[in-house]
Amino acid sequence: MAFLPSAPYVILPSFNQETDYEDNNVHRNILVLFHDKYYTWNTIFNFYGGAWCIGSSNNFLIFLDNKGCPFLLNPSSNTFIHVPPFTRSFIKHANVPFYSYYAQSLRKTFVSKAVLMSSPSPSQYTLAIMYDSPCIIAFCNNHSASWVELSDAKRLYSDIVFDNNILYALDEDGSIEGWDFLHLKVPKKVLEINYPTMILDKEQEVKFSIDKFSTKLYLVMSKRDFLLLERFIGNFVNANGEVVYEGSCLSDQVEICPYRTKHFNVYKLNLVKRKWEKMNSLEGQVVFVGANESKLVDSSKCDNKENLIYFSDDRWDKMTLDYSYGGHDWGVFNLQDSSIKLLTPNVNKTDPPPIWMVPYSN
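Model, not experiment: these values are computed from the prediction.

Novice: Let's hear about the overall build of the protein: which residues, and what values?
Specialist: Across its full length, the protein holds three helices and 28 strands. If you take every contact in the protein between residues at least 6 apart in sequence, the share linking residues at least 24 apart comes to 51%. With the model as given, the accessible surface of the protein reaches about 17,200 Å², and the carbon-plus-sulfur share is 48%.

Novice: Account for the sheet that holds strand E9 (residues 126-131), naming residues and giving values.
Specialist: With respect to topology, four strands assemble into an open sheet ordered E8-E9-E10-E11, the strand pairing being antiparallel. Pairing within the sheet leaves two strands with one partner each, and these edge strands are strand E8 (111-116) and strand E11 (148-149). Strand direction decides the pairing type here: strand E10 (residues 136-141) and E11, joined by two bridges, are antiparallel. Residue pairing for E11: Phe139 is matched across the bridge by Val148.

Novice: Would you mind going over the environment of Val289 in detail, with residue names and values included?
Specialist: On the secondary structure map, Val289 appears in strand E23 (residues 285-289). For Val289, a relative accessible area of 0% translates into the label buried. With 71 residues separating them in the primary sequence, Val289 and Tyr218 have C-alpha atoms 7.3 Å apart. Those residues within four positions of Val289 in sequence are excluded, and the remaining contacts are Tyr218, Leu229, Phe264, Ser294, Ile309, Tyr310, Phe311, Ser312 and Trp356.

Novice: Break down helix H2 (residues 99-106) for me, with residues and values.
Specialist: Those residues of H2 that fall on the buried side of the exposure criterion are Tyr99, Tyr102 and Ala103. Viewed end-on, H2 has its buried residues packed into an arc of 90°, placing them on one side of the element. Tucked into the core, H2 has its buried residues touching strand E5 (60-64) and helix H1 (88-93).

Novice: Residues and numbers for the pattern of salt bridges, please.
Specialist: Evaluation of the coordinates by the stated rule reveals 12 salt bridges. Of the charged contacts, one joins Lys202 and Glu205 as a salt bridge, the two residues approaching to 3.6 Å between their closest N and O atoms. Linking Lys202 with Glu205, this pair stays in helix H3 (residues 202-207), spanning three residues, or about one helical turn. Judged by relative accessible area, Lys202 falls into the exposed class, the value being 62%. Connected through salt bridges with shared partners, the residues Arg155, Asp171, Glu177, Lys189 and Glu192 form a single ionic network.

Novice: How would you explain the packing of aromatic side chains if you had to name every residue and give the values?
Specialist: Enumeration according to the criterion identifies 24 aromatic pairs in this entry. Between Tyr99 and Tyr102, the ring centres sit 5.3 Å apart and the planes meet at 70°, which makes this aromatic pair edge-to-face. Of this pair, Tyr99 and Tyr102 both sit in helix H2, three residues apart, which is roughly one turn of that helix. With relative accessibility at 15%, the residue Tyr99 sits in the buried group. These aromatic residues form a ring-pair network of at least three members: Phe86, Phe90, Tyr99, Tyr102, Phe110, Tyr131 and Trp147.

How each quantity is defined
Residues numbered from 1 in each chain as written. Predicted model: local features only at pLDDT ≥ 70, side-chain atom pairs only at ≥ 80, totals over all residues. Heavy atoms only, no water. Helix = DSSP H or I, 4+ residues; strand = E, 2+ residues; numbered from the N terminus. Contact = heavy atoms within 4.5 Å. Areas by Shrake-Rupley, 256 points an atom, 1.4 Å probe, with all protein chains shown as cover. Pairing = 2+ DSSP bridges. Buried < 20%, exposed > 50% of the residue type's maximum accessible area, 1.4 Å probe, protein only. Arc of directions from axis to C-beta. Salt bridge = Lys/Arg side-chain N within 4 Å of Asp/Glu carboxyl O. Phe/Tyr/Trp six-rings, centres within 6.5 Å; stacked < 30°, edge-to-face > 60°.

None of the figures reported here should be taken as evidence of function without further support.
So, in structure tokens, the structure goes:
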């Protein structure tokens, strides 16, 4: 299956419930975002029944098979790369008592982010993941038969991203750490920016109060600049799209409270002042965030649309809590006028969730 390398797209679950696949809840459709074209994988998972996508990075999708073992797939070339499985000791170290419990109950929520150092091959790859809660960082590569935890990564991480062979990690307090992975058996910490300041908008603090909203943070690389995206998610949203308190969304005695993204803030790190400074423009670019590696893309590859944030649902811990919603929270946020366009306004449950693929050219 061939794609234009500059066209971002999204992978979606099969909507045909009459298929004979072992597990219908897998990604089988592809929507090329700016061409409005759908493609279907007919046989891609014949030998991977129940495969679950946990992310995308460097032209590859990262999957777990039905036993929870990871593998990589390039959807354009159908290239499969097997990586070391999670061992029982690795799972147990994450405070999971049994591997079978991980495979049967935690497989879809265990890994919150997976990123590749560069476009991989079977003989050359480095894959890093955030997993467990609070998030731990671990990695594997073609030189190792097992997963290795970054021993000096001890923060509460929100996002990880590779750039120029360095793995950067964003802490929940806005701090950033970086490890150099190039030609090193044990990655070396080369950056630590502790507690950069951020001026809070008092009006926004009231509008997006913590009693109604949750936040998620994303780290994006813009050449040599660090960008931070702050995502505000209404925890309980009624049929009119209004954020309400839990218990306020009652319809025919059935409580339906799907969460929804309502706003984004964007900041750039001023390294001299050690300060996150708010941005009102993406300067001719768009951003893709979600389960994928957070990516900034020139608007020329996106129909010349600027200052947009394309987001997908990555609330892994909330997606399975209700049969009527989960995976549904995906759309486009306009940084200029703060408007949001939902990409599936009439769909609630999307299982598995949409995942962005942002191809790039070496």
